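Residues per chain are reported as follows:
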Amino acid sequence: MLKLDNCRIINGGFAVEADLAVAPGVCAAVIGPSGAGKSTLIEAIAGFLPVSRGRISWNGTDLTAAQPGKRPIAMLFQDGNLFPHLTVAQNVGLGLQANLRLSEAERGRVDAALERVGLGGMGGRKPAALSGGQQSRVALARVLVQGRAILLLDEPFAALGPALKAEMLDLVAELARESGATVLMVSHDPDDARRIADQVVLVADGKAHPPQQTAELLDNPPPALKTYLG
């Protein structure tokens, strides 16, 4: 169980309150108006932003003061963060060792992750030789190889066309089911939530609300969400 107990997160002059829990294995979409604090919420969970009040925990273990690398969390950012001078396999290998000194077993994990995301045999290529969709798959493979219990997505597929984005969302859902990972996915598109999310965390008016079932919330949105959806 991922829990945020009475948390207050400050990002510059902006603050978000959160008192909620996400059950293990759930895929939850994080939606709300632009600037409401969706990315602020997941950056705090990842450890990139401190909480000024409250406690973040996973299955009873306090993560509040833990460094990002010490948390059971992998995060996929909007730009994918691929290094153009490294090969595809090296970019994925960074998920295991920052110095890229991988053991034979770790190299096997990289190859298996690339195979799983549909990039088998492409480990020697550079990111510039790949399509946008393939680059997204490399970034996803780097997350997959880490084997973390929680996966955070900050709109990593926003730049893809509708068909490619749907394909990547479906792949994320498949990988999460296979691994049992808990997923929090920031999105501006309610269709993304309907496609793969069990629950939705609404962030609006300075507050991250407890998760609700996706269809229930989107079919009967509260005023703040209704205004955003139009």
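Conventions we followed
- Residues numbered from 1 in each chain as written.
- Predicted model: local features only at pLDDT ≥ 70, side-chain atom pairs only at ≥ 80, totals over all residues.
- Heavy atoms only, no water.
- Helix = DSSP H or I, 4+ residues; strand = E, 2+ residues; numbered from the N terminus.
- Rg over C-alpha atoms; globule rule 2.2 N^0.38 Å.
- Areas by Shrake-Rupley, 256 points an atom, 1.4 Å probe, with all protein chains shown as cover.
- Lys, Arg positive; Asp, Glu negative; His and termini not counted.
- Charge placed at Lys NZ, Arg CZ, Asp CG, Glu CD.
- Buried < 20%, exposed > 50% of the residue type's maximum accessible area, 1.4 Å probe, protein only.
- Pairing = 2+ DSSP bridges.
- Right-handed = clockwise from strand over helix to strand, strands pointing away.
- Contact = heavy atoms within 4.5 Å.
- Axes fitted to C-alpha atoms, helices over the stretch in contact; angles between N-to-C directions.
- Parallel < 35°, antiparallel > 145°, perpendicular 65-115°, else oblique.
- Left-handed = near helix turned anticlockwise from the far one by under 90°.
- Nonpolar A, V, L, I, M, F, W, Y, C, P; charged D, E, K, R; others polar.
- Salt bridge = Lys/Arg side-chain N within 4 Å of Asp/Glu carboxyl O.

(A) Region of interest: the overall build of the chain. A tally of regular secondary structure across the chain gives eight helices and eleven strands. Here the chain has a C-alpha radius of gyration of 18 Å; the compact-globule value for 230 residues is 17 Å, and the two agree. When the backbone C-alpha atoms are referred to their principal axes, the chain occupies close to 50 × 40 × 30 Å. Only carbon and sulfur atoms are counted for the fraction: they give 50% of the accessible area of the chain, which is about 10600 Å². Averaging the coordinates of the 22 positive side-chain charges in the chain and doing the same for the 23 negative ones gives two points 5 Å apart.

(B) Seen up close, the pairing of strand 3 (residues 27-31). Burial of strand 3 is extensive: five of the five residues sit out of reach of the surface. Here strand 3 shows a buried face lined by C27, A29 and I31 and a second buried face lined by A28 and V30. Alignment of strand 3 against strand 8 (residues 182-186), held across four bridges, turns out to be parallel. Note that in strand 8 the partner of A28 across the bridge is L184.

(C) Representation of unusual backbone geometry within the structure. Of note, the phi angle at N59 is positive, near 50°, even though the residue is not glycine. You can see N59 is positioned in the loop between strand 4 (51-58) and strand 5 (61-62). One non-glycine residue with positive phi stands out, namely E155, at about 50°. Mapped onto the elements of the fold, E155 is located in the loop between strand 7 (150-154) and helix 5 (162-179). Residue E155 is classed as buried on the basis of its relative accessible area of 15%.

(D) Region of the structure containing the pairing of strand 7. Burial of strand 7 is extensive: five of the five residues sit out of reach of the surface. Where burial is concerned, the two faces of strand 7 agree: the one with I150, L152 and D154 and the one with L151 and L153 are both buried. The pairing of strand 6 (residues 73-76) with strand 7 spans four bridges and is classified as parallel. By the bridge assignment for strand 7, A74 is matched with L151. Relative to strand 8, strand 7 runs parallel, the two sharing five bridges. Bridge assignment links L151 to a residue of strand 8, and that residue is V183. With helix 5 bridging strand 7 and its parallel neighbour strand 8, the resulting β-α-β unit is right-handed.

(E) Local environment of the environment of A113. Summarising the element assignment, A113 is placed in helix 3 (residues 104-116). Linking A113 and V88, residues 25 residues apart in sequence, is a C-alpha distance of 11 Å. If we ignore the near neighbours within four places in the chain, the residues touching A113 are A141, L144 and V145.

(F) Geometry of the packing of helix 3 against helix 4 (residues 132-146). In contact at an axis separation of 9 Å, helix 3 and helix 4 are set at 130° when each is read in the N-to-C sense. The pairing of helix 3 with helix 4 is recorded here as oblique in orientation. When the axes of helix 3 and helix 4 are compared, the crossing they make is right-handed. Each of R109, V110, A113, L114 and R116 in helix 3 lies in contact with helix 4, whose residues at this interface are A141, L144, V145 and Q146. In terms of residue class, the contact of helix 3 with helix 4 is built from six nonpolar, one polar and two charged.

(G) Quick look at the pattern of salt bridges. With the rule as written, the count across this model stands at eleven salt bridges. Residues R55 and D5 are paired through a salt bridge, measuring 3.9 Å at the closest nitrogen-oxygen approach. Here R55, found in strand 4, pairs with D5, found in strand 1 (residues 2-11); they are 50 residues apart in sequence, far enough to count as distant. Since its relative accessible area comes to 31%, R55 is described here as partly exposed. In this structure, R137 and E167 form a salt bridge, with 2.4 Å as the shortest nitrogen-oxygen distance. Here the residue R137 occupies a position in helix 4, and E167 occupies one in helix 5, the gap between them amounting to 30 residues. A residue is classified by how much of its surface remains accessible, and E167, at 40% relative accessible area, is partly exposed. The network of salt bridges with common partners includes D5, R55 and D62.

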